[in-house]
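Commentary on secondary and tertiary structure
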Amino acid sequence: MIAIFSLSVQVYANALKMANEGAGLLKRSKSALFPLNIILFYSGVFYLTQAVSNEPTNLDVRLVRAMALFDFAENNPLAQDTVLEDLEFFLMFRNRYPYSTKVELPLVYFALAYVSGLKKDFARFYYYLDRLRECEEMAKYLSQLKQRFPQLVK
């Protein structure tokens with residue numbers, strides 16, 4: 001029994017470590033020169049995907065992947081889909097699974113609204129915009145949404 005528990009703790013730590021490594025590779029890809037930027041990007045995506053495959057219910061891993069890929073969501077439909085998947089998973093299960101990452105709920109709603117706006121999914125956009133407006137710390141996120149989607153945010 002102790003061996004099973006220690007193995008599960010090790011897998012959890014390894015998945016989170018792998019996700020953080022992947023996020024670091026993605027961040028470095030933004031400033032690297034061609035072709036290194038492409039190699040770093042796909043290596044980072046591989047690490048993040050593998051981490052979620054290893055621990056699909058680990059909210060920390062999903063948050064790391066979503067936030068890392070959010071930086072690439074503007075022009076990458078796959079990043080958009082992954083951000084939506086991971087953050088909606090987080091919202092559905094945040095009360096069931098313990099997580100250590102301190103994440104602002106307004107940031108989650110902002111990212112979901114932003115990506116929904118990019119995908120022109122207006123029903124989802126307005127849903128998350130309304131959730132964001134219910135949060136106390138919303139002003140900076142609302143101004144960013146208004147700047148990016150002036151026709152949608154009044």
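The subject of this paragraph is the environment of Tyr-114. Tracing the sequence through the fold places Tyr-114 in helix H5 (residues 105–118). Spatially, the C-alpha atom of Tyr-114 lies 9.6 Å from that of Tyr-141, the residues being 27 residues apart in sequence. When near neighbours in sequence (up to four residues on either side) are disregarded, Tyr-114 contacts Phe-70, Glu-74, Leu-145, Arg-148 and Phe-149. A polar atom in the side chain of Tyr-114 sits 2.6 Å from the side chain of Glu-74.

Let us now look at the packing of helix H6 (residues 122–133) against helix H7 (residues 139–148). Here H6 crosses H7 at 150 degrees, and the two axes come no closer than 10 Å. Taken together, the axis directions place H6 and H7 in an arrangement best described as roughly antiparallel. For H6 against H7, the interelement crossing comes out left-handed. For the pair formed by H6 and H7, the contact residues are Phe-125, Leu-129, Leu-132 and Arg-133 on the first element and Tyr-141, Leu-142 and Leu-145 on the second. Among the residues making up the contact of H6 with H7, the classes are represented as six nonpolar, no polar and one charged.

With that settled, the discussion passes to the confidence of the model for the protein. Residues with a pLDDT of 70 or more make up 88% of the protein, whose mean pLDDT is 89. For the protein, helix H1 (residues 2–29) is the element with the lowest average pLDDT, namely 72, and H6 is the one with the highest, namely 97. Segment residues 1–12 is flagged for pLDDT under 50; beyond a separation of four residues in sequence, or across chains, it makes six contacts in the model.

Moving on, we come to the pattern of salt bridges. Evaluated as defined, the whole model comprises 10 salt bridges. One salt-bridge network, held together by shared partners, links Arg-62, Arg-65, Glu-85 and Asp-86.

Here the residue pair Phe-34 and Pro-35 is connected by a cis peptide bond, since its omega of 0 degrees sits within 30 degrees of zero. Here Pro-35 shows up in the loop between H1 and helix H2 (36–54). Positive phi is not limited to glycine here, since Lys-120 has a value of about 60 degrees. Mapping Lys-120 onto the fold places it in the loop between H5 and H6.

In this section: the packing of H5 against H7. Put simply, H5 and H7 touch, their axes get as near as 10 Å, and they point 10 degrees apart. By the angle between their axes, H5 is roughly parallel relative to H7. Along its contact with H5, which presents Pro-106, Leu-107, Phe-110, Ala-113, Tyr-114 and Leu-118, the element H7 presents Tyr-141, Gln-144, Leu-145 and Arg-148. For the contact of H5 with H7, the per-class residue count stands at eight nonpolar, one polar and one charged.

Conventions used here
- Residues numbered from 1 in each chain as written.
- Predicted model: local features only at pLDDT ≥ 70, side-chain atom pairs only at ≥ 80, totals over all residues.
- Heavy atoms only, no water.
- Helix = DSSP H or I, 4+ residues; strand = E, 2+ residues; numbered from the N terminus.
- Contact = heavy atoms within 4.5 Å.
- Polar contact = N/O pair within 3.5 Å; in protein donor to acceptor, adjacent residues only side chain to side chain.
- Axes fitted to C-alpha atoms, helices over the stretch in contact; angles between N-to-C directions.
- Parallel < 35°, antiparallel > 145°, perpendicular 65-115°, else oblique.
- Left-handed = near helix turned anticlockwise from the far one by under 90°.
- Nonpolar A, V, L, I, M, F, W, Y, C, P; charged D, E, K, R; others polar.
- pLDDT = per-residue confidence, 0-100.
- Salt bridge = Lys/Arg side-chain N within 4 Å of Asp/Glu carboxyl O.

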